[in-house]
Structure formats: structure tokens, C-alpha cells
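# Descriptive structure summary
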Amino acid sequence: MSTSVYSRYRAAFAQALAGALGVPAADIESQVKPADPAHGDLSFATFPLAKAQKKAPPAIAAQLAQALQVPGLEVKAVGPYVNARFLPLPFTQEVIDGVRLAGLAYGSDAEDGKGKTVVIDYSSPNIAKPIGFHHIRTTFLGHCIANLYRALGWRVEGINYLGDWGKQFGLVAVGFQEYGDPARIDDMAHLVQVYVQANKRAGEDPAFDEKAREFFRRMEANEPEAMKLWNQFRETSLKGFKKVYARMGIDFEHIEGESRYQGKMDAVIDQIAKKPGVKESQGAIIVDMPYADGEPPVLLKKNDGSTLYATRDLAAAEDRHARFNFDKSLYVVAQDQALHFRQVFRTLKEMGQPWADQCVHVPFGRIHGMATRKGQVVELNQVLDEAKERVLQRVKENIAQGNLETADAEALSEQIGLGAIVFGDLKHNRASDYSFDWDEVTSLEGHTGPYLQYAHARCANVLRKGGGVPTAYDPALLTLPEEQALVRELMRLPDTVKAAAEQYEPSLVARLLLDVAAAYSRYYTAGNKDRDKRILVEGNDAVRAARLALTDATRITLAAGLTLLGIPTPENM
């Protein structure tokens, strides 16, 4: 298993401390923390040792610091802390060479998850409805989490678990019979119109709503005519979905839906009947297990015999374990469904499934501020269109002003617009709600996707102006405070990728990339104030080559991180 530069130095520091204290390194490693940057890079607090050694913490720290000799580290005591700072060499060269050698795979560790499988259930739109803006969190979070696990060597089985079963298809069917044009059955937009009309009428006309329920019962009975119509609706929807996913650069290992488990639910109910048991409640079949006060029971079948989400999710969980023998099964679904998944996982555990604890709900918060249009869902494709148009106006302005050259303003605007929407979501802590703001997400300044894309393009531009990527450089020449601060930000990506995967938290990578971009901006700007600090410094080819190598490592780090987030990396902005 490869080890990051940071982890290697941290482990060496912990090992030296353990040796001096005569304790196992495992007892020390968790106590080594990041230091206050003014005092170093790593820190060990001596407070816990005071009682046993009967000494004041500052005295213990001073004694320890004097005893430690760790290659590549400068160790000093600061009050009760033993601090270690990375020496410019070999640290600087190790980071830059590590980034440049790995290229876009920087941050990855193919050995970390070798032999392990993760199933990730995400996106999951409903058939005969467009992919709505409200799907962006499950879609972008799930896609990024899948990328993180792939980067760590896991076998990823991404599943787009379509909502392709239930009464809503009865609504589409009976709605199509009344409002549909048979010549447009392959038109996704027409199906959406039909569904909106049918859904409105069902809310006003109980008889029409009952017709939809009856059609779904015919589907569950596998009636040929009903299934033929349902299949046509499904295929039309899939064609529409795939265009949107292709636009976002998202692909799934599997596109399947609730319909996969049609005809298999009775077997699951029979299995549950054996353990923990089932019972009848008001004509419905529920799981027979203790419930908390006020907690609704797990419904397996309604009194009309039709199945529910829980039944299908239980069947799906068993099927996925049988197919993939997963080490983890993740469900990237809104926080609103927390009770549902707690009950599904608890039912699996009550059934005696030893892998139930490997099933994890990855919840996320809501988005506020995106207004609906005439009561209808805002389509994700429309949001991407608007992002592109907003960016295109700025791109054309920059071209007219001579600030930008591009062979394809439309394609560049598509890349920047997509980056704006994706990063606008992923920069937020997964569990938090956030408010969507057009001006904020499309800005070239602040914590935005376009800002990061611009930082990447700036690096590429500096390299072009500097004559390309240097083949050789002297890391000993990278001694400026701005350079050392930037190297320390680049160093963090591998450990951040692992933490983001473990916590299912892409925002950790997003925030690191903002730190990298900010550090490079300070470095670049320093050269505007002091000519000797310019990256393309004049009259010193060796310093210039070293600074270009650092710029190249910055460009690669930004590109690697943005790619993990699912964001394009234009080289000219």
C-alpha cells in the first residue's frame, strides 16, 4: 500500500516519540496532530504524560525534543508541545515529484481497497418524469463518492436504481389514454406533459385515481398489454435520461429499477415470515418486530395486495449481496428517507443477515432557492442550459476585450457552466441544507467551480508562457514562504481523498482544492509585487525551472481533484 508524504513523516515522528517513551507506536500515532503553522507541521501534546512522569508538561516536551532525531524533520519544544517541521529538503522534492509522477492519478491509492467491493445506489429518477434539479445532490454526491472509491482501488458497482414501478405508471398509462398522442410515445417531453395532466386530474377525480391504481395492479399481475405500455414508457425515459447523464460525464455500471424485483417479493416476504415474522395489520402485512412509540411499522404489502418501497428495497439488498458479495452497500438518498433505511437495515438484521451492518444510508440535506416554474419540477437539463448561457455571456465579453482566446466558446461555456453547478453543490457539507444562488455559483471569484477551473487554466497558461513543463529542476531553490505554503497544500490531497471516501464527504476534497487555488494565487500575486518572486523570473533559468515545476504540480493537483469531483478542467479561460 502506498503511503502519502504526510503520512510517512507523521508515522516517522510517532515512531521516534514512541521509542523515546518506550511505548508502542500505535499508542502514539493518534496523538500526533497537525501543528499551528507558526510552530511546525506536526505536534504532540505532553499533558497526558505529566502525572506518570511527575514532571511539568513543558519539561517533558523539552526533554523529548532534545532526544529525537528524525530524518527530514526539525523537532523543537514549544511549551508543552513537541513540534516537528518538514525540512525544505527532501520534503519539497518528494511532494512535487510524487505529484508529477502520478499525474491525474495523484491522490489515488490502488492498493487501499484492493479486493473490496462497494455498491453505490444513487441518482434514481422516476420513469416518465424528467431528471429534476432536486436530483443533483444524489447524482453528484453519488458520482463523486464512486470516483473516490475507484481512486482507492475498490471495485465499484454504481447502480442507478430507477423508480420504474408503482402507481405513478398507472397515472402515466391512463393519462396517455386520455391526453396522449400515440405518435409521440417516444417523446420524453410529451410523457412529462401527460404525467402532469394526469397527476392533477387524479387529485381532483377519485375515479380517475382509482383507474391508475387498477392499471398498476394489472402491471403487478404481469398482464401483457399493461407491461407492453409500461416498457415503452420506460425505454422512452431511459433515452432521455442517458442524454442528461452523458452531458454530465456520468456513467453507471448498472441501470436497473424496482421492476427488477417484480415477482420476487413473495419469496422475501416468506423469508421474513420465518424470521423475525410477519403479521396482519388493518388488512396489510407488516414485519413483526418491536417498534418505538409512534414509529410506523414496516409495511410489506398493502391491503390490496400491492407491494411497497420497503419490500422492494429488501429484495434489492439481498439480490445485490448475492450478485456482488459487497463489503459496503451505500444508499445516497435524502435525509428525509432516514427512517425508511433504518427500518430496512434493521429488518435485514432481524432476518439474520450477517452483512446488514455493511449497508449504509448516506443522507444529504436540501437545496433552497431554486424556484419552481408554474408548479412543475425544474429540470436539471434546464439548469445546465441556464448555467451555460450565463457563462457564455461572460466568455463572449472576454473574447471581445481580448482577454480570452478559444476555438469554441460554446464548448468552453458548457464546461464552465457544468463546473459551476457541480461544485456549487459539492462544496457544501453533505448533511447541510444550502441556498442556491446563480450569481454566486457562476462567479469567477470566491468559493466556486469557475474559480477553481480558472486557477487550473492559469497554471496551464503560465506553463505555456514559460516554454512548457521543465524536465529537470532544483527543489532547493523553492525557499519562498509562498512556495513552501503551496507545497504543503499539494501534499494533502492523498490523505484528503481517503478521508472523503471514509466519511462519504466530497466537500473535503472541494475545500482542499480551494486552499490549493488560494495558495497558488498568493504565490502568483507575490510576483506582481516583487519581480524576484515572479514565477517566470527573468535572468535566472534555474529558479524559473523550479517554479515552473511547482506550477506543474499545482496544475496536476487541481486537475486530479476536479476530476474526482466530476468537473471539467479547461486549459484556457
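A few words now on the side chain of His361. Relative to the helices and strands, His361 resides in strand β12 (residues 359-362). Given the relative accessible area of 16%, His361 is considered buried. A polar contact of 2.8 Å, which involves the side chain of His361, links it to the backbone oxygen of Val333. Looking at His361, its side chain comes within polar contact range of the main-chain oxygen of Ala334, at 3.4 Å. Those residues in contact with His361 that sit more than four places away from it in its chain are Tyr331, Val333, Ala334, Gln335, Gln337, Ala338, Phe341 and Phe345.

In spatial order, the strands read β8-β9-β10; together these three strands make up an open sheet with antiparallel pairing. Each edge of the sheet is formed by a strand with only one pairing partner; in this case those strands are β8 (278-281) and β10 (299-301). Adjacent strand axes in the sheet meet at a mean angle of 40 degrees when their direction is disregarded.

For the second largest pocket, the calculated volume is near 590 Å³. Around the second largest pocket sit 18 residues that line it, and Pro34, Asp41, Arg488, Met491 and Arg492 are the ones nearest its centre. Within the residue set of the lining of the second largest pocket, elements represented by two or more residues are β4 (81-86), α18 (481-491) and α19 (493-503). The greatest single-element share of the lining of the second largest pocket, amounting to five residues, is contributed by α18. The class makeup of the residues in the lining of the second largest pocket is nine nonpolar, three polar and six charged.

This next bit is on the pairing of strand β5 (residues 117-121). Of all five residues in β5, five are buried; the element is thus mostly enclosed. Alternating positions in β5 separate into two faces, Thr117, Val119 and Asp121 on one and Val118 and Ile120 on the other, with burial throughout. Summarising the sheet, β5 and strand β6 (residues 155-162) pair through five bridges and their orientation is parallel. In the sheet register, Val118 faces β6, and the bridge partner there is Val156. For the crossover from β5 across helix α6 (residues 136-151) to β6, the handedness is right-handed.

Attention now moves to unusual backbone geometry. The amide bond that connects Leu89 to the next residue, Pro90, takes the cis arrangement and shows omega of 10 degrees. If you trace the backbone, Pro90 turns up in helix α5 (residues 88-102). Here the bond from Lys275 into Pro276 is cis, since omega is 10 degrees, no more than 30 degrees from zero. When you line up the elements, Pro276 lands in the loop between α11 (265-274) and β8. You will see that Ser123, though not glycine, has its phi angle at about 75 degrees, which is positive. With respect to the element layout, Ser123 can be found in the loop between β5 and α6.

Rules behind the numbers
- Residues numbered from 1 in each chain as written.
- Predicted model: local features only at pLDDT ≥ 70, side-chain atom pairs only at ≥ 80, totals over all residues.
- Heavy atoms only, no water.
- Helix = DSSP H or I, 4+ residues; strand = E, 2+ residues; numbered from the N terminus.
- Buried < 20%, exposed > 50% of the residue type's maximum accessible area, 1.4 Å probe, protein only.
- Polar contact = N/O pair within 3.5 Å; in protein donor to acceptor, adjacent residues only side chain to side chain.
- Contact = heavy atoms within 4.5 Å.
- Pairing = 2+ DSSP bridges.
- Axes fitted to C-alpha atoms, helices over the stretch in contact; angles between N-to-C directions.
- 1 Å grid on protein atoms, 1.4 Å probe; cavity = no way out; pocket = protein on both sides within 12 Å on 5 of 7 lines; lining within 4 Å.
- Points joined across faces, edges and corners; volume = space filled by probe spheres on them.
- Nonpolar A, V, L, I, M, F, W, Y, C, P; charged D, E, K, R; others polar.
- Right-handed = clockwise from strand over helix to strand, strands pointing away.

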